[in-house]
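# Summary of structural features
One letter stands for each residue in the lines below.
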Amino acid sequence: MTSDLFAKERLLFTPVTPDIDAIPVIFAFPNEYTVGITSLGYQVVWATLATRADLQVSRLFTDISETLPRNPEILGFSMSWELDYVNILNLLESLGIPIKSDLRQDNHPIVFGGGPVLTANPEPYADFFDVVLLGDGENLLNDFVNTYKEVRNADRETQLKALAQVPGIYVPSLYEVEYKYDDGEIKSIKPISSDIPAQIQKQTYRGNTLSASTVVTEKAAWENIFMVEVVRSCPEMCRFCLASYLTLPFRTASLNDSLVPAIEKGLKVTNRLGLLGASVTQHPEFETLLEYINQPKYEDVRLSIASVRTNTVTEELAKTLAQRGTKSLTIAVESGSEKVRKIINKKLEQEDIIKAGENAKKGGLKGLKLYGMVGIPGETSEDLDETVKMMQNLKKAAPGIRFTLGCSTFVPKAHTPFQWFGVNKEAEKRLKFLQKKLKPQGIDFRPESYNWSIIQTLLSRGDRRLSRLLELTRNFGDSLGSYKRAFKELKGQIPPLDFYVYQNWSTEQILPWNHLQGPLPQSTLQKHLNEAVDSHQLTVNS
């Protein structure tokens, strides 16, 4: 089974033969192979490690692995989804490694983690990792390995202190968190000694060669797809959006030096091409890129594009996608209410949304999927009526197209201006209201689980006291009921669920990630928050 999956891989890089004294490394994805191998981040990090002769890298997934070293010195996890922490703990146990970092000895590997979940807020998982890599891996990964090599033969404490000096490397055990009381707010977050930096700055790669697939396989969740990152971050800066704020500044891949060579290489091994990025169509040379893909030599290429900005859906784009095997396109509108879109800084007019539907139809697409959200601060029931009206108007403007509205609950995210807001307790009712109104009109309404949004909020705003809770819920199962049961068991030792999920937080209080510096300082985020609060009479504690 194992060899069969790995045998199907077509590599777009050449792994090197490791040196005799190469460092034995396990690089794990805490989910099944088909999911992990579809992650562009995982692919790129693996290729980076596998092209270093001073490392001997083995891959590990929850269902299969390459031959693993008996005494690994480094064990890395790429974490893309919050609930994968359960699989991380299971994998650690299966390898005979204590799940808590403070129980590991010199003979255990340095356990590191990276990826979007940990870069946003590693604190709920802090006790499980020796090291967290914050931000873009392009330079950080090699800095990490090079520093480890310098202290390879030292004791664990010396190794961790040396690694903590590298910009972007966070060693949670070297920071002490004090609380006002056991189940109260944070009082302070300080390094345990003066030689440890008080703040860790997330690393930002500023080059114009972005990521592209390093492996193509029919066993991936997106079968045989070659992915290329067209842009990184998003210039729109919607106030709730982690994908924009956490990854600033907006960067674009060079068309001639990066995108075209990567696509040429990828299309030699497959005819499926995926263009990735939070706002792909905002690449300044996107039309030229489309023209390039429209060449006769690529006429059998099937093209997929990640979510695109609504007002960039042209008839030409829809036509190109329809001709390349794409049946529908995804746009994020958040709400049918102009007022709500202004609150979140979504620069989008009603006519842009209608035009996107018309152009999708004219270009020959069969469907248009919209992303919406309920529970945004300042939203009222009238704003939900506006969303219903928007969907009705779209149906009238582009009859015959299948419209889908995927809808989630607003979840506050670290390093965004809306991190201080809690979840709206009316959100679940609002999802049901939209379902009731839209289903009879033949609109495919797909609400994201409200309970999942609650768990997501807990983990996105959590502090390191939650590690005890996570260990308990792992044994109970990952339903909301399990989390509530764990909160009951830990009553008085950690704050209640309400504190993390529903409360608006004061802009004066110390946030769990205050010592982790994102692209913008807290003062700037607060300024962006105040703009929303002042313009729309929102209430947030101050």
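Residues numbered from 1 in each chain as written. Predicted model: local features only at pLDDT ≥ 70, side-chain atom pairs only at ≥ 80, totals over all residues. Heavy atoms only, no water.

This part is about the environment of Leu 497. With respect to the helices and strands, the residue Leu 497 is situated in helix 19 (residues 497-501). Linking Leu 497 and Arg 251, residues 246 residues apart in sequence, is a C-alpha distance of 37 Å. (Helix = DSSP H or I, 4+ residues; strand = E, 2+ residues; numbered from the N terminus.)

Next up on the list: the domain arrangement of the protein. By a frequent convention, interface size equals the accessible area lost on bringing the separate parts together. Assigned domains of the protein: these are domain 1 (2-201) and domain 2 (460-535). Put simply, the middle of domain 1 and the middle of domain 2, counted by C-alpha atoms, are 23 Å apart. Taken together, the contact pairs 35 residues of domain 1 with 29 residues of domain 2. Seen at the junction of domain 1 and domain 2, the total is 3 salt bridges. Taking the shortest distance from any N to any O, the salt bridge between Glu 93 and Arg 474 comes out at 2.8 Å. Mapped by element, the contributors of at least two residues to the side of domain 1 that touches domain 2 are helix 4 (85-94), strand 8 (175-179), strand 9 (186-191) and strand 10 (200-201). Looking at the side of domain 1 that touches domain 2 element by element, the count peaks at 5 residues for helix 4. (Domains from an automatic or database assignment. Contact = heavy atoms within 4.5 Å. Salt bridge = Lys/Arg side-chain N within 4 Å of Asp/Glu carboxyl O.)

The 4 strands are arranged 17-18-19-20 in an open sheet whose pairing can be described as parallel. Of all the strands in the sheet, the pair left with one neighbour each is strand 17 (328-334) and strand 20 (444-447). For this sheet, the mean inter-axis angle between neighbouring strands, taken without regard to orientation, is 20 degrees. Sheet analysis places strand 18 (residues 367-374) next to strand 19 (residues 402-409), joined by 8 bridges and oriented parallel. Among the inter-strand pairings, Lys 369 is bridged to a residue of strand 19, identified as Thr 404. (Pairing = 2+ DSSP bridges. Axes fitted to C-alpha atoms, helices over the stretch in contact; angles between N-to-C directions.)

This paragraph deals with the environment of Gly 372. Structurally, the position occupied by Gly 372 is in strand 18. When its relative accessible area of 8% is taken as the criterion, Gly 372 is described as buried. A C-alpha to C-alpha distance of 8.6 Å links Gly 372 and Thr 387, two positions 15 residues apart in sequence. Discounting residues that sit within four places of it in the chain, Gly 372 has contacts with Glu 334, Leu 405, Gly 406, Cys 407 and Ser 408. (Buried < 20%, exposed > 50% of the residue type's maximum accessible area, 1.4 Å probe, protein only.)

The next point concerns the nonpolar core. One finds Tyr 125, Val 131, Phe 144, Leu 273, Leu 275 and Leu 370 to be the most contacted residues of the largest nonpolar core, which totals 171 residues. The two domains that each donate at least three residues to this core are domain 1 (2-201) and domain 2 (460-535). The residues contacting Val 131, other than those within four sequence positions of it, are Ile 110, Val 111, Phe 112, Gly 113, Phe 144, Leu 160, Leu 163, Ile 169, Tyr 170 and Val 171. (Core = buried A, V, L, I, M, F, W, Y, C linked by side-chain atoms within 4.5 Å.)

Turning our attention to the sheet that holds strand 7 (residues 169-170). One open sheet accounts for 6 strands, arranged 3-2-4-5-6-7; its pairing is mixed. The open sheet has two free edges, formed respectively by strand 3 (55-60) and strand 7, since each of these has just one partner strand. Pairing between strand 5 (residues 110-114) and strand 6 (residues 131-133): 2 bridges, direction parallel. If you follow Phe 112 over to strand 6, its bridge partner there is Val 131. Helix 4 contacts strand 3, strand 4 (74-78) and strand 5 of the sheet and is inclined by roughly 160 degrees relative to strand 4. The strands touched by helix 7 (residues 156-163) are strand 5, strand 6 and strand 7; relative to strand 5, the strand with the most contacts, the crossing angle is about 25 degrees.

Keep in mind that most residues, glycine aside, have a negative phi and that most peptide bonds are trans. For the peptide bond that leads from Leu 248 to Pro 249, omega is 0 degrees, which places it in the cis range. By the element assignment, Pro 249 lies in the loop between helix 8 (242-245) and strand 14 (251-252). With a phi angle near 55 degrees, Asn 224 is a residue other than glycine that sits in the positive phi range. Among the residues examined, Asn 224 registers a relative accessible area of 17% and is labelled buried. Located in the positive-phi region is Met 237, a residue other than glycine, with phi close to 55 degrees. Counting through the fold element by element, Met 237 comes out in the loop between strand 13 (231-232) and helix 8.

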